Amino acid sequence: MKFMKLGSRPDTFFTTEAVRSVSSEISSDLTVQVKGSRYLLHKFPLLSKCLRLQRVCFESPEKTSQHQIVQLPDFPCGIEDFELCAKFCYGITITLSAHNIVSVRCAAEYLQMTEDVEKGNLICKLEVFLNSCVLSGWRDSILTLQSTKSFPLWSEDLGITSRCIEAIASKVLAHPIKTDLSRSYSRRGGRDDVSCNGSESLRHNKPLSKDWWAEDLAELSIDLYWRTMIAIKSGGRVPSNLIGDALRIYASRWLPNISKYANHSDSNSIGKHRLLLESIISLLPAEKGAASCSFLLKLLKAANILKASSSSKMELARRVGLQLEDATVGDLLIPCVSKTSDTIYDMDIVMTILEQFMLQGHESPPTSPPRRIKGGLDRRRRSRSAENIDLEFQESRRSSSASHSSKLKVAKLVDGYLQQIAREEKLPLKKFVSIAEAIPEFSRLDHDNLYRAIDIYLKGHPGLNKNERKRLCRMLDCKKLSMEVCMHAAQNELLPLRVVVQVLFFEQARATMSGGHVTELPSNIKALLDDPSKTSASFTNVTNDDQWSASGKISTLKMKLNEDLDENYVDGNGRSKASCVFPTRPKRMFSKLWSSNRSVVSEKN
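Residues numbered from 1 in each chain as written. Predicted model: local features only at pLDDT ≥ 70, side-chain atom pairs only at ≥ 80, totals over all residues. Heavy atoms only, no water.

Undergrad: Help me understand the sheet that holds strand S2 (residues 13-16), please; the structure alone is not making it clear to me.
TA: To summarise the sheet geometry, strands pair through backbone hydrogen bonds and adopt either a parallel or an antiparallel arrangement. Taking strand neighbours across the sheet as the criterion, the five strands line up as S2-S3-S5-S4-S6 in an open arrangement whose pairing is mixed. Every other strand in the sheet has two partners, leaving S2 and strand S6 (68-71) as the edge strands with one partner each. Across the sheet, the mean angle separating the axes of adjacent strands is 25° when strand polarity is ignored. One ladder, built from five bridges, connects strand S4 (residues 30-34) with strand S5 (residues 37-41); its direction is antiparallel. Its bridge partner lying in S5, Leu 30 is registered against Leu 41. Of the strands in this sheet, S2, strand S3 (19-22), S4 and S5 are in contact with helix H3 (residues 79-90), which crosses S5 at around 5°. (Pairing = 2+ DSSP bridges. Helix = DSSP H or I, 4+ residues; strand = E, 2+ residues; numbered from the N terminus. Axes fitted to C-alpha atoms, helices over the stretch in contact; angles between N-to-C directions. Contact = heavy atoms within 4.5 Å.)

Structure (structure tokens):
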């Protein structure tokens, strides 16, 4: 920190019975009352440098009196600042630094200690020190800007605030080695006291990181921080990801343990933090990836708890949707603070995020290149325009593939999220299904995780009727289930009959294909089979006891057929027939399935 000393006389101020006086052979002829304190001073040294005191004494009705009393009820600063100005008038040594220059500058402005009164007056000296010394240092500039908070109107009128912000922004935009003091210099315990006309007592040759300025700026109040960040962003030289990192550091500094405000009744504290949060949101760079998805979702959680404006929430949801593939399931577990909802997590905002993700306009990867114009030209003589077309096509394929890959990641994310929220007893079926169907069907390469989520929901909601269970399982594609999951689903008594039938068919078909008897399968079953080479991850909850034998599957299927009487219909002879999901020849398909399983059982015996 740089400092400046003015004056050469020793300090002769003393206190007697709560009155500050100056030790002098000449008796006092002026009493100044400021901030509840009394000063016994002399007219000549003060009036020769303070224009306001001249005018007050001249306009006083007791101006002919040998001893005048002056009151300064609207003095903007503290008594220590008035005393420094008074000591300057007496020539007593005073020390100025970034800690007190703003308050002394405001006090000198109030007392009108200008060059018009006397050359080399205090205001002139303070301005020189501020511009040439204080604002040239990084740490001093921040300390000075912080001190303007105590005198906002005076600092604005004198241009101190704007000059500090400009000085800080210019240092951030410049190369770090051009800054005098690195961040946390004083935090390391080193001395950084530097005379205004001297040199630094200790220089740091250690290179600074690109975001060396973020932690120091995090000490500023939100209004000063906002203005400083606007100045830095307008410079256009700081990468957007560094801006995002700086905002994350500031948010972690001022928004800790925000969950404690979920049921907080202190409206003033909530309003203060809400303003801070919305200011941070307004500073987020427009570029995708400037702020991490995890940080954006933390801001969204805070916005929910602090009841931020709907526009702020929507802006965060839009930004999260642009990079949703980088999120985790834990990030999406946003607490619900609405009194009208009985669920633990806010699923409406997650649905909004998914909608924003799908609104990006991504298309599936193209499967064939653009048609070429037939001309019979040799490949070595292709035109330059044709090469450009091929290049553009390759770029478009890479871009489309990336968007398709992000949808695959989001599909896994959604299925994991469904498994977490499925345990909520008061989660409506409609909302669960809406979230599951928010992503396109092709983005799920397998349905194992979706089956897990459905199974958890069925166990947590035993009161579902048959139609609701059918609606829940309608989005499940049995062709995309792995062998292990099929074995678990085949004995799952909570699944509708139709799903169990499908699972048994596909499982038996896979077993037949693995034994090399593909030709013995009915053609309509083989058409529904999935590619056997696409093996999905195993279902972790399946144990050896869950792996049924063929005879066990048949008995369970018969039991379910008997229980689901409403799924049957009676023909003209009064016989009951089971309706099947497969469109053609259901009776023959059942007979083939059962006969094949019987043969398997007989072979094992």
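Resuming the write-up.
Undergrad: I'm lost on the side chain of Asp 331 in this one. Help?
TA: Here Asp 331 shows up in helix H15 (residues 329-332). Nearest to the buried, unbridged Asp 331 among oppositely charged side chains is Lys 301, at 5.2 Å. Within the structure, Asp 331 has its side chain in polar contact with the side chain of Thr 328 (distance 2.9 Å). Beyond its immediate sequence surroundings of up to four residues, Asp 331 is in contact with Ser 294, Leu 297 and Lys 301. (Buried < 20%, exposed > 50% of the residue type's maximum accessible area, 1.4 Å probe, protein only. Lys, Arg positive; Asp, Glu negative; His and termini not counted. Salt bridge = Lys/Arg side-chain N within 4 Å of Asp/Glu carboxyl O. Polar contact = N/O pair within 3.5 Å; in protein donor to acceptor, adjacent residues only side chain to side chain.)

Undergrad: How should I be thinking about the side chain of Ser 141 in this particular structure?
TA: Tracing the sequence through the fold places Ser 141 in helix H6 (residues 138-147). With residues up to four places along the chain from it excluded, the contact list for Ser 141 reads Val 134, Leu 135, Cys 164, Ala 167, Ile 168 and Lys 171.

Undergrad: Would you mind going over the packing of aromatic side chains with me for this structure?
TA: Each aromatic ring pair is characterised by the separation of its centres together with the angle its planes make. Evaluated as defined, the whole model comprises nine aromatic pairs. Aromatic side chains Phe 75 and Tyr 110 sit 5.3 Å apart centroid to centroid with 85° between the ring planes, which places their arrangement in the edge-to-face category. Residue Phe 75 is found in the loop between S6 and H3, and its partner Tyr 110 is found in helix H4 (residues 101-111); the two are separated by 35 residues along the sequence. According to the relative accessible area criterion, Phe 75 is buried, its value standing at 2%. For the ring pair Tyr 225 and Tyr 250, a centre distance of 3.8 Å and an interplane angle of 15° mean the geometry is stacked. Here Tyr 225, found in helix H10 (residues 222-235), pairs with Tyr 250, found in helix H11 (residues 240-254); they are 25 residues apart in sequence, far enough to count as distant. What makes Tyr 225 buried here is its relative accessible area of 0%. The class of Tyr 250 is buried, set by a relative accessible area of 1%. (Phe/Tyr/Trp six-rings, centres within 6.5 Å; stacked < 30°, edge-to-face > 60°.)

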